[in-house]
Amino acid sequence: MSEIDGVLGVAVIGYAFMGRAHSDAWRTVGAFRADLPLVRQQVLVGRDATEVDRAARRLGWAESSTDWRSVLERPDVDVVDVCVPGHLHAEIAVAALEAGKHVIVEKPLANTIVEAEKMVDAARIARGRGVRSMVGFNYRRVPALALARRHVADGRIGEVRQVRISYLQDWLVDERAPMSWRLRRESAGSGALGDLGSHAVDQVRFLLGQDVTEVSGSTHTFVTQRPGEHGAEDVSVDDAAWATLRTSGGAVVSLEVSRMATGRKNSLRIEVFGSRGSLGFDLESLNELWTCLDGAEFPTRVLVTEPDQPYLDGWWPPGHVLGWDHTFTHQAADFLRAVADGDDPTPSFEDGLAVQQVLEAIERSGTPQNTSDARPEVVR
Ligand code: SOE
């Protein structure tokens, strides 16, 4: 904790979509949990001095900076929250951990296994010095999904046999949608696979409490060129990906992610089928979980707003529903709790690496093969 005033100073690197979502979380976390260390929104970091300054004022930051390296040297910064494109994650996170800052990195942890491994090494060394790290898979903090995990862990649906998970968006359906960092391999690593598939793989690991051991998959790019700043540019990542996964507990998972699913804005749907029940979730009805527990024959819709359900004791009376943004507040709160208690928060960088290994195995497996010699990839 900052020696200056006993309050944790936070720096967020990046102020686009995720930087805004994380800024909002740091601003609201004190309203959610009164028993956590206080935070000070110290500095927002970005490349464009005028823009980042404007964003800092809007989003509640005391200052802005264009130099993340100098921010790591500041004694009034205790937490560094990395919300920039994937290719910058490893360099900033490793440097921040070495500087003794607690670190959150937005998902996916990195663009490659090699980068993710470097981050895991740095996190391991930092952990020995009491420095905490976490990867930001915010959907773990949806109350309904945290409740689903609790039901699976408590054996309420028996042995999990089958999972269906899809994460579908449609912001690339229009062929005129312009190039961006998300469509270039060098900045994003992969397309829908890394962006949406990382959430899906993390949910499988989270909900089942199991590792993914085997993968067979396929990726596809429907629109291979898009308007860039200087004319048409090649798209170097996938638009959609499909996979069948097997888990350490013997479950089989069907996974589908796409940015070309016309009419689906941000549709994360999950169904988990076990020997004694099932669970169903749809992000578009974020406060609901469909449960079929303890051998019941039909599913029931449960409104997840009760104080004894995950994350809800800090909010409003029952029935006062939450939104997508609250998942980031919960994430910030869980991180602060771990820092205050001297625990290691989850998902760890090791979890982020495990997800990356599955994503890369899906890509490898996606190399077209003759049907006669197609074999699943074993996740290393
Ligand atoms: C964009 O596709 C995106 O913002 C993802 O990057 C987020 O992780 C997801 O929550 C919503 O969609």
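Every chain is numbered on its own, with residues counted from 1 as its sequence reads. Where local features are concerned, this predicted model is filtered to residues with pLDDT of at least 70; where side-chain atom pairs are given and counted, the filter is 80 or more; whole-chain, interface and lining totals use all residues. Side-chain descriptors were evaluated using all non-hydrogen atoms of the structure, hydrogens and water having been removed beforehand.

Colleague: Can you walk me through the nonpolar core in this structure?
Modeller: Where a protein is soluble and globular, its nonpolar side chains tend to be buried together. In terms of nonpolar packing, the biggest core is built from 110 residues, with Trp 26, Met 119, Leu 245, Val 272, Phe 281 and Phe 349 touching the most fellow members. What counts as a helix is a DSSP run of H or I of at least four residues, what counts as a strand is a run of E of at least two, and both are numbered from the N terminus. Here this core gets nine residues from one element, more than from any other, and that element is helix H8 (residues 192-208). When residues of this core are assigned to domains, at least three fall in each of domain 1 (7-138) and domain 2 (140-324 + 334-345 + 356-365). In this description, contact between two residues means that some pair of their heavy atoms is separated by no more than 4.5 Å. Setting aside residues no more than four positions away along its own chain, Phe 281 makes contact with Val 142, Ala 144, Leu 145, Leu 268, Arg 269, Ile 270, Leu 286, Glu 288 and Leu 289. Buried Ala, Val, Leu, Ile, Met, Phe, Trp, Tyr and Cys residues form a nonpolar core when they are joined through side-chain atoms within 4.5 Å. Buried residues are those whose accessible area, probed at 1.4 Å on protein chains only, stays under 20% of the maximum for their type, while exposed residues exceed 50% and partly exposed ones sit between those limits. An automatic or database domain assignment provides the domain bounds reported here.

Colleague: Could you clarify how one ought to interpret the packing of helix H5 (residues 113-127) against helix H10 (residues 349-365) in this entry?
Modeller: The packing of two helices is summarised by the inter-axis angle and the distance between the axes. The axes used here are C-alpha line fits, helices contributing only the stretch in contact, and every angle between their N-to-C directions lies in the interval 0 to 180 degrees. Interaxial distance between H5 and H10 falls to 9 Å at its minimum, and their mutual angle equals 165°. The orientation of H5 relative to H10 falls into the category roughly antiparallel. In the crossing of H5 with H10, the sense of the turn from one axis to the other is left-handed. Contacts from Ile 113, Ala 116, Glu 117, Met 119, Val 120, Ala 123, Arg 124 and Arg 127 of H5 reach H10 at Phe 349, Glu 350, Leu 353, Gln 356, Gln 357 and Glu 360. Along the lines of polarity and charge, the residues of the contact of H5 with H10 split into seven nonpolar, two polar and five charged. Here roughly perpendicular refers to angles of 65 to 115 degrees, roughly parallel to angles under 35, roughly antiparallel to angles over 145, and oblique to all remaining angles. For any helix crossing, the convention is left-handed if the near helix is rotated counterclockwise from the far helix by under a right angle, and right-handed if that rotation is clockwise. Residues are grouped as follows: Ala, Val, Leu, Ile, Met, Phe, Trp, Tyr, Cys and Pro are nonpolar; Asp, Glu, Lys and Arg are charged; every other residue, Gly included, is polar.

Colleague: I keep staring at the site of the ligand and nothing clicks. Help me out?
Modeller: Around the ligand, the neighbouring residues are Phe 17, Lys 107, Tyr 139, Tyr 167, Gln 169, Trp 171, Arg 182, Asp 195, Leu 196, His 199, Asn 266 and Trp 324. Whenever two N or O atoms come within 3.5 Å, that pair is a polar contact, provided that in protein one can donate a hydrogen and the other can accept it, and provided that, for residues adjacent in sequence, both atoms are side-chain atoms. Within the side chain of Lys 107, an N or O atom sits 2.9 Å from an oxygen atom of the ligand. One nitrogen or oxygen atom from the side chain of Tyr 167 is found 3.4 Å from an oxygen atom belonging to the ligand. Burial of the ligand by the protein chains amounts to 93% of its free accessible area of 300 Å². We call a residue near a molecule or strand whenever a single non-hydrogen atom of that residue lies within 4 Å of it. Here the Shrake-Rupley method, with its probe set to 1.4 Å, supplies the accessible areas, and only the displayed protein chains count as covering residues.

Colleague: Just checking my understanding: could you explain unusual backbone geometry for this structure?
Modeller: Peptide bonds are mostly trans, and most non-glycine residues show a negative phi. For the peptide bond that leads from Lys 107 to Pro 108, omega is -15°, which places it in the cis range. You can see Pro 108 is positioned in the loop between strand E5 (102-106) and H5. Of note, the amide linkage connecting Thr 346 to Pro 347 takes the cis form, showing an omega dihedral of 0°. By the secondary structure assignment, Pro 347 is in the loop between helix H9 (324-341) and H10. A positive phi angle, close to 55°, is found at Asp 294, a residue other than glycine. Among the structural elements, Asp 294 can be located in the loop between strand E15 (288-292) and strand E16 (300-303). One non-glycine residue with positive phi stands out, namely Tyr 311, at about 70°. Locating Tyr 311 in the fold gives a position in the loop between E16 and H9.

Colleague: Before we go on, may I ask you to explain the environment of Asp 78 in this structure?
Modeller: Relative to the elements of secondary structure, Asp 78 occurs in the loop between helix H3 (68-72) and strand E4 (79-82). Since its relative accessible area comes to 10%, Asp 78 is described here as buried. Considering only alpha carbons, one finds Asp 78 and Ala 99, 21 residues apart in sequence, at a separation of 9.7 Å. In this structure the side chain of Asp 78 is engaged in a polar contact, spanning 2.6 Å, whose partner is the backbone nitrogen of Gly 9.

Colleague: What is the right way to look at the environment of Ala 354 in this model?
Modeller: On the secondary structure map, Ala 354 appears in helix H10. Sequence separation of Ala 354 and Val 212 is 142 residues, and the distance between their C-alpha atoms is 8.3 Å.

Colleague: Teacher, can you tell me more about the domain arrangement of the chain here?
Modeller: Structurally, the chain comprises domain 1 (7-138) and domain 2 (140-324 + 334-345 + 356-365). Here the C-alpha centroids of domain 1 and domain 2 sit 23 Å apart. Counting from both sides, the interface comprises 32 residues of domain 1 and, opposite them, 33 residues of domain 2. We define buried area as the total accessible area lost by two parts upon association, computed with a 1.4 Å probe and summed across both. Surface buried jointly by domain 1 and domain 2 totals about 2,900 Å² across both partners, of which 63% is contributed by carbon and sulfur atoms. Salt bridge criterion: a side-chain nitrogen from Lys or Arg within 4 Å of a carboxyl oxygen from Asp or Glu. Here domain 1 and domain 2 share five salt bridges between them. Elements that contribute at least two residues to the side of domain 1 that touches domain 2 include exactly helix H1 (17-32), E5, H5 and strand E6 (133-136). Here the element with the most residues in the side of domain 1 that touches domain 2 is H1; it accounts for seven residues. Here the side of domain 1 that touches domain 2 is composed, by residue class, of 20 nonpolar, seven polar and five charged.

Colleague: Just to check I follow, could you spell out the pairing of strand E7 (residues 160-168) for this structure?
Modeller: Remember that side chains alternate between the two faces of the sheet whenever the strand is regular. Between any two strands, pairing holds if DSSP finds at least two bridges. Sheet topology places E7 next to strand E13 (residues 267-274); eight bridges connect them, and they run antiparallel. Each bridged residue has a counterpart across the sheet, and for Ser 166 the counterpart in E13 is Arg 269. Of the strand pairs in this sheet, E7 and strand E12 (residues 252-258) are connected by seven bridges, and their pairing is parallel. Bridge pairing in E12 places Val 163 opposite Val 253.

Colleague: Would you mind going over the pairing of strand E1 (residues 8-13) with me for this structure?
Modeller: Judged by how many residues are buried, E1 sits mostly within the fold: six of six residues are covered. Burial along E1 is two-sided: Leu 8, Val 10 and Val 12 and Gly 9, Ala 11 and Ile 13, pointing in opposite directions, are all buried. Pairing of E1 with strand E2 (residues 39-45), which is carried by six bridges, proceeds in the parallel orientation. Bridging from a neighbouring strand, Val 10 pairs with Gln 41 of E2. When the strands point away from the viewer and the connection leading from the first strand across the helix to the second strand turns clockwise, the crossover is called right-handed. For the segment spanning E1, H1 and E2, crossover handedness is right-handed. Where E1 and E4 come together, four bridges link them in parallel fashion.

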